[in-house]
Amino acid sequence: MEIKNKTTGLLKLSREIKKWSKELGFNNVGITDIELRQHEKYLERWLKRDFQGEMEYMKIHGKKRSRPEKLFKGTKRIISVSIDYLPPGHKGTELLDHPKKAYIASYAQGRDYHKVLRKKLKLLVERIKLATPTSSRVFVDSAPVLEKAIAEKAGIGWIGKNTLLLNKRAGSYFFLGEIYTDLDLPIDEPFEGNHCGSCSACIDICPTKAFEGPYQLDSRKCISYLTIEFKGSIPKELRPLMGNRIFGCDDCQIYCPWNKFAKFSKEDDFRPRNNLENSELVDLFSWSKEEFLKKTEGSPIRRAGYECWLRNIAIALGNADKTKKIIDALNSRKNFPSALVREHVNWALNQHLG
Ligand code: SF4
């Protein structure tokens, strides 16, 4: 009788958690167990091929990523949530390879999603704690968590050939977050099937051909990795292929047919700030370090750092149509203190002047 009451109580709680999640603005929520061994093998193969590039943190956490109880002791279930982020009026292909303007990945034009999601997840945990005692911890892309595998198991969508999570209703323009909990909540059905079918648009369209095949992304060639995570000199053969993408890249999402169904986000925090959705490269290139720090406060762009920001824009200026304004802008940074920036500026000038 006691067991039956407990089960009924947990079932009721799981329904309430889903209701509270929606009230907090999450678009999808699912609950799953912690069995991720199948994905552990995939991760090991990926790491073996050094596809993680300089993201050493992908390696150093060992099995914590695929064994949630090693990351947070006592974890029995994971509550996985998603929230749409596409800002209203998003321009899609309109800005890609624009002769003067910058392309910044759509997820990065507004407030840092880590902060937005973490705040909401903490509120959800507080709400759960009012209902029952629990030991729970929230994660938003900040710890070794297999977030896409977890979301797939929790029924939110399927992992597409572009390695992103896809959902029939929302495409792939959404963030994921997790709550690891010791509550023995009933689990949801995993997402069944893979709806990529014979499509390979993301693989074919990738500007730097970063996919070795379906589900096989070599980060070392991925523009998102190169412009955000990678801090060194960008391989010269990849620079012309980067076009005007100065922070992240959306190509494997823009051309994905499922993103016809993506919804604009209702979250004001994800709306573009500082005109980042429609800025000229030369204007962004003229920012001083102080301006960079001020204008990227609370933005994911901070992650790149000022030097890499200039490095990325220098490449885009080298790929842009030649104008006096662009040559002047590049010349103004020719003696910039950082050798990394100078090298990319010289490359860009060389593209125009030979
Ligand atoms: S572009 Fe096609 S193959 Fe790639 S993720 Fe979308 S549906 Fe799948």
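Residues numbered from 1 in each chain as written. Predicted model: local features only at pLDDT ≥ 70, side-chain atom pairs only at ≥ 80, totals over all residues. Heavy atoms only, no water.

What about the overall build of the protein?
Regarding its fold elements, the protein presents 14 helices and 10 strands. Across its three principal directions, the C-alpha atoms of the protein cover 80 × 40 × 35 Å. A separation threshold of at least 6 residues defines the contact pool for the protein, and within that pool the share at least 24 residues apart is 77%. As displayed, the protein offers around 16,500 Å² of accessible surface, 51% of which is attributable to carbon and sulfur atoms. Positive and negative side-chain charges in the protein, numbering 62 and 45 respectively, have mean positions lying 1 Å apart. (Helix = DSSP H or I, 4+ residues; strand = E, 2+ residues; numbered from the N terminus. Contact = heavy atoms within 4.5 Å. Areas by Shrake-Rupley, 256 points an atom, 1.4 Å probe, with all protein chains shown as cover. Lys, Arg positive; Asp, Glu negative; His and termini not counted. Charge placed at Lys NZ, Arg CZ, Asp CG, Glu CD.)

Let's talk about the sheet that holds strand β4 (residues 136–139)
Strand order in the open sheet formed by four strands is β1-β2-β7-β4, and the pairing between neighbours is antiparallel. Strand pairing shows two members of the sheet lacking a second neighbour, β1 (28–32) and β4, which therefore form its edges. For this sheet the average axis-to-axis angle between neighbouring strands, irrespective of direction, equals 20°. Here strand β2 (residues 77–84) pairs with strand β7 (residues 174–181) via eight bridges, running antiparallel. When the sheet's bridge partners are listed, Ile79 is paired in β7 with Ile179. Sheet contacts for helix α5 (residues 113–131): β2, β4 and β7; angle to β7, the most-contacted strand, approximately 35°. (Pairing = 2+ DSSP bridges. Axes fitted to C-alpha atoms, helices over the stretch in contact; angles between N-to-C directions.)

Details of the site of the ligand
Neighbouring the ligand are the residues Lys161, Asn162, Leu166, Cys196, Cys199, Ala201, Cys202, Cys256, Pro257 and Trp258. Classifying every residue of the shell around the ligand by side-chain character gives eight nonpolar, one polar and one charged. (Near = heavy atom within 4 Å. Nonpolar A, V, L, I, M, F, W, Y, C, P; charged D, E, K, R; others polar.)

Some remarks on the nonpolar core
In this structure, Ile79, Tyr107, Ile246, Phe285, Trp309 and Leu330 are the most contacted members of the largest nonpolar core, which totals 104 residues. Top contributing element to this core by residue count: helix α12 (residues 306–319), with nine residues. Each of domain 1 (2–90 + 106–181) and domain 2 (201–258 + 272–353) gives at least three residues to this core. Leaving out residues up to four positions away in the same chain, Ile246 has contacts with Ala102, Tyr103, Ile104, Thr227, Leu281, Leu284, Trp309, Asn312, Ile313 and Ala316. In terms of nonpolar packing, the next biggest core, distinct from the first, is built from seven residues, Ala151, Ile156, Leu165 and Leu176 among them. (Core = buried A, V, L, I, M, F, W, Y, C linked by side-chain atoms within 4.5 Å. Buried < 20%, exposed > 50% of the residue type's maximum accessible area, 1.4 Å probe, protein only. Domains from an automatic or database assignment.)

Digging into the pattern of salt bridges
Tallied over the entire structure, the rule returns 23 salt bridges. Across the pair Arg220 and Asp218 runs a salt bridge, and its minimum N-O distance is 2.9 Å. Arg220 gets classed as partly exposed once you look at its relative accessible area, which sits at 34%. In this structure Asp218 comes out as buried when scored by relative accessible area, which is 4%. We note a salt bridge from Lys325 to Glu280, for which the minimum N-O separation is 3.7 Å. Note that Lys325 is positioned in helix α13 (residues 324–331) and Glu280 in the loop between α9 (251–254) and α10 (281–285), a separation of 45 residues in sequence. Given a relative accessible area of 49%, Lys325 falls into the partly exposed group. (Salt bridge = Lys/Arg side-chain N within 4 Å of Asp/Glu carboxyl O.)

Considerations on the packing of α13 against helix α14 (residues 339–353)
Remark: α13 packs on α14, axes separated minimally by 9 Å, with the N-to-C direction vectors making an angle of 150°. As far as their axial angle goes, α14 and α13 are roughly antiparallel. The interaxial crossing formed by α13 with α14 has left-handed handedness. Across the interface between the two elements, Ile326, Ile327, Leu330 and Asn331 of α13 pack against Val345, Ala348, Leu349, His352 and Leu353 of α14. Partitioned by chemical class, the residues of the contact of α13 with α14 number seven nonpolar, two polar and no charged. (Parallel < 35°, antiparallel > 145°, perpendicular 65-115°, else oblique. Left-handed = near helix turned anticlockwise from the far one by under 90°.)

Focus: the domain arrangement of the protein
Segmenting the protein into domains produces domain 1 (2–90 + 106–181) and domain 2 (201–258 + 272–353). Facing the 33 residues of domain 1 at the interface are 32 residues of domain 2. Surface buried jointly by domain 1 and domain 2 totals about 2,800 Å² across both partners, of which 58% is contributed by carbon and sulfur atoms. It is Phe51, Gln109 and Lys161 that lose the most area in domain 1 upon contact with domain 2, and together they represent 23% of the buried surface on that side. With its nearest N and O atoms 3.9 Å apart, the salt bridge here joins Arg49 to Glu212. (Buried area = accessible area lost by both parts, 1.4 Å probe.)

Some details on the environment of Ile34
Considering the arrangement of structural elements, one finds Ile34 in the loop between β1 and α2 (37–48). For the pair Ile34 and Asp269, spaced 235 residues apart in the sequence, the C-alpha separation amounts to 31 Å. In contact with Ile34, other than residues within four places in its own chain, are Ser66, Pro68, Glu69, Thr75, Lys76, Arg77 and Ile78.

Here we look at the side chain of His114
Structurally, His114 can be placed in helix α5. A distance of 3.4 Å separates polar atoms of two side chains, one belonging to His114 and the other to Tyr113. Residue contacts for His114: discarding those within four places in its chain leaves Val140 and Asp141. (Polar contact = N/O pair within 3.5 Å; in protein donor to acceptor, adjacent residues only side chain to side chain.)

Some words on the pairing of β2
The buried fraction of β2 is high, at eight of eight residues. Residues Arg77, Ile79, Val81 and Ile83 of β2 are buried on one face, and the alternating residues Ile78, Ser80, Ser82 and Asp84, pointing to the opposite face, are buried as well. Pairing of β1 with β2 involves five bridges; the strand directions are antiparallel. By the bridge assignment, Gly30 is partnered in β2 with Ser80.

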